[in-house]
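Observations on the model geometry
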Amino acid sequence: VQLQASGGGLVRTGGALRLSCAASGRTFEDYALGWFRQAPGEEREFVAAITYTRAIKYYADSVKGRFTVSRDNAQNTVWLQMDNLKPDDTAVYYCAAALQIATFRKNQANKVDYWGQGTQVTVSS
């Protein structure tokens, strides 16, 4: 099972990036997919998540109104559209899969079932 994240990079404040995470090795039926991030010296924190049916989405307060999470189950892919980026968004972003969306909403990184490798996002001021 592999989650392959991509799309990170260096942008200026106010810019945008779109992260992608392609899953392989199994389908993620019934799994919530989402994103955490980790800045240097900080703990990994929840960013956004979406249920398998796409009916429910959760966002961290710090990204609400700026980030949008989406998924395509046929492609086994989840995206994170990040607009109006700020320097505080600088971090390594990790995609993740968990059976319970509460794992994301409650910021329980230790209960994530599958992790992708990180992709660096750097926002310059």
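No experiment lies behind these values; they were computed from the predicted model shown. (Residues numbered from 1 in each chain as written. Predicted model: local features only at pLDDT ≥ 70, side-chain atom pairs only at ≥ 80, totals over all residues. Heavy atoms only, no water.)

The next thing to look at is the packing of aromatic side chains. In total, this model carries 8 aromatic pairs according to the counting rule given. Clustering of aromatic rings is evident, with ring pairs tying together Phe36, Phe46, Tyr94, Phe104 and Trp115. Directly above the ring of Phe28 sits Arg26, whose terminal nitrogen or CZ lies 5.5 Å from the centroid. For the cation-ring pair, Arg105 lies above Tyr58, with the distance from its terminal atom to the ring centre recorded as 5.5 Å. (Phe/Tyr/Trp six-rings, centres within 6.5 Å; stacked < 30°, edge-to-face > 60°. Lys NZ or Arg CZ within 6 Å of the ring centre and 35° of its normal.)

Before going further, it helps to spend a moment on the nonpolar core. It is characteristic of soluble globular proteins that their nonpolar side chains tend to be buried jointly. Counting residues in hydrophobic clusters, the biggest one holds 38 residues, and the most contacted among them are Trp35, Leu80, Met82, Tyr93 and Phe104. In terms of residues, this core owes the most to one element, strand β9 (residues 91-98), which gives 6 residues. In this view, Leu80 contacts Leu17, Arg18, Leu19, Trp35, Val47, Ala48, Phe67, Thr68, Val69 and Tyr93; residues no more than four positions away in its chain are not counted. (Core = buried A, V, L, I, M, F, W, Y, C linked by side-chain atoms within 4.5 Å. Buried < 20%, exposed > 50% of the residue type's maximum accessible area, 1.4 Å probe, protein only. Helix = DSSP H or I, 4+ residues; strand = E, 2+ residues; numbered from the N terminus. Contact = heavy atoms within 4.5 Å.)

Let us look at the pattern of salt bridges. The final tally for this structure, using the stated rule, is 4 salt bridges. Between Asp89 and Arg37 there is a salt bridge, with its nearest N and O atoms 3.0 Å apart. On the criterion of sequence distance, the pair formed by Asp89 in the loop between β8 (77-82) and β9 and Arg37 in strand β4 (residues 32-38) is long-range, its members being 52 residues apart. Residue Asp89 is classed as buried on the basis of its relative accessible area of 2%. For Arg66, the salt bridge goes to Asp89, with nearest N and O atoms at 2.7 Å. One end of the pair, Arg66, is in the loop between β6 (57-59) and β7 (67-72); the other, Asp89, is in the loop between β8 and β9, with 23 residues separating them in the sequence. Residue Arg66 shares its accessibility class with Asp89, and that shared class is buried. Salt bridges sharing partners connect three or more residues here, namely Arg37, Glu45, Arg66 and Asp89. (Salt bridge = Lys/Arg side-chain N within 4 Å of Asp/Glu carboxyl O.)

That's the geometry; what it means functionally is another story.
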